[in-house]
Amino acid sequence: VRQTCPHCRGEGSILEKPCRKCGGSGHVQERKKISLKIPAGVDDGSRLRLAGKGGAGLRGGESGDLYVQLMVRDSDIFEREGLELGVDIPISPIVAALGGTVMVPTPDGEAELKIAPGTPNGKLFRMRGKGVPHLRGGMPGDLTVRIVFEVPQRLDRKQRELLEEFQKISTTANYPDSQRLQQKSKVFFSHRDKLRKK
């Protein structure tokens, strides 16, 4: 019957005075920080392989590999779905009415977005290639920008007077959506009244 020697464990020699730290195994457990380069485009659950950073090999053999599973923290700015990103951009209703340029945050920095006159609240713009980079070098995703009206706060006297003056000279033609809703409401109530009479 052949079996490994229980005393030397197949090493062929026995240490008379083994090291107190490793007990003669030649390995010591210790905590160590490793710098990890994160490639652009990783997602939650992505695994990175670090060659030779795993457990030490037996009897002087090569060390194994270390696999790191990533957990991507939610962004305070962007919403992500795969390679696609979404962001809400608050703008003044005045800019939406007159048109202008707004700065949009992207993973590569700020980018300009032109707003056409008469842009409605909730309007979506697509910025091609401004989303998450492709992990394997393919085409990056897109960034969807949603326009959100920000109502002015803490108006001073002059600002309030100007807004009141604008309200006085405004007509229903300035608000086509409200006009369409009123027309649809009239048709709805007309049909409802006819049904009730039957």
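Calculation criteria
- Residues numbered from 1 in each chain as written.
- Predicted model: local features only at pLDDT ≥ 70, side-chain atom pairs only at ≥ 80, totals over all residues.
- Heavy atoms only, no water.
- Helix = DSSP H or I, 4+ residues; strand = E, 2+ residues; numbered from the N terminus.
- Rg over C-alpha atoms; globule rule 2.2 N^0.38 Å.
- Buried < 20%, exposed > 50% of the residue type's maximum accessible area, 1.4 Å probe, protein only.
- Polar contact = N/O pair within 3.5 Å; in protein donor to acceptor, adjacent residues only side chain to side chain.
- Contact = heavy atoms within 4.5 Å.
- Pairing = 2+ DSSP bridges.
- Axes fitted to C-alpha atoms, helices over the stretch in contact; angles between N-to-C directions.
- Expected span 1.5 Å × (residues − 1).
- Salt bridge = Lys/Arg side-chain N within 4 Å of Asp/Glu carboxyl O.

A.B. asks: Residue-level account of the overall build of the protein, with values.
C.D. replies: Secondary structure summary: the protein contains three helices and eight strands in total. Ordered by position from the N terminus, the helices and strands of the protein form the series β-β-β-β-α-β-β-β-β-α-α. Over its C-alpha trace the protein gives a radius of gyration of 33 Å, far above what one expects of a compact globule, namely 16 Å for 198 residues. Each of the three principal axes of the protein carries a C-alpha extent, and together these read 105 × 55 × 35 Å. Taken across its 198 residues, the protein has 17% of its residues classed as buried.

A.B. asks: Residue-level account of the side chain of S46, with values.
C.D. replies: Its location among the elements puts S46 in the segment before strand 1 (47-50). Residue S46 is classed as buried on the basis of its relative accessible area, which comes to 17%. From its side chain, S46 meets the backbone oxygen of D43 in a polar contact 2.8 Å long. In contact with S46, other than residues within four places in its own chain, are V68, Q69 and L70.

A.B. asks: Got a sec to walk through the sheet that holds strand 8 (residues 143-149)? Specific residues and values, please.
C.D. replies: One open sheet accounts for four strands, arranged 3-4-8-7; its pairing is mixed. A single partner strand is all that each edge strand has here, and the edge strands are strand 3 (79-81) and strand 7 (124-127). Sheet twist, expressed as the mean angle between neighbouring strand axes with direction ignored, is 25°. With four bridges connecting them, strand 7 and strand 8 associate as antiparallel partners. Within the sheet, the bridge partner assigned to F125 lies in strand 8 and is V145.

A.B. asks: Which residues make up helix 2 (residues 157-169), and what values do they have?
C.D. replies: With 13 residues, helix 2 should reach 18 Å at 1.5 Å per residue; the first-to-last C-alpha distance of 19 Å fits that figure. For helix 2, the N-terminal cap is D156; the gap from its side-chain oxygen to the backbone nitrogen of K158 is 3.3 Å.

A.B. asks: How would you summarise the pattern of salt bridges if you had to cite specific residues and measurements?
C.D. replies: Per the counting criterion, the structure on display carries nine salt bridges. The salt bridge involving R80 is made with D43; its shortest N-O contact spans 3.9 Å. You can see R80 sitting in strand 3 and its partner D43 sitting in the segment before strand 1, a full 37 residues away along the chain. The residue D65 makes a salt bridge to R49 at a minimum N-O spacing of 2.9 Å. Of this pair, D65 sits in the loop between strand 1 and strand 2 (66-69) while R49 sits in strand 1, and the two are 16 residues apart along the sequence.

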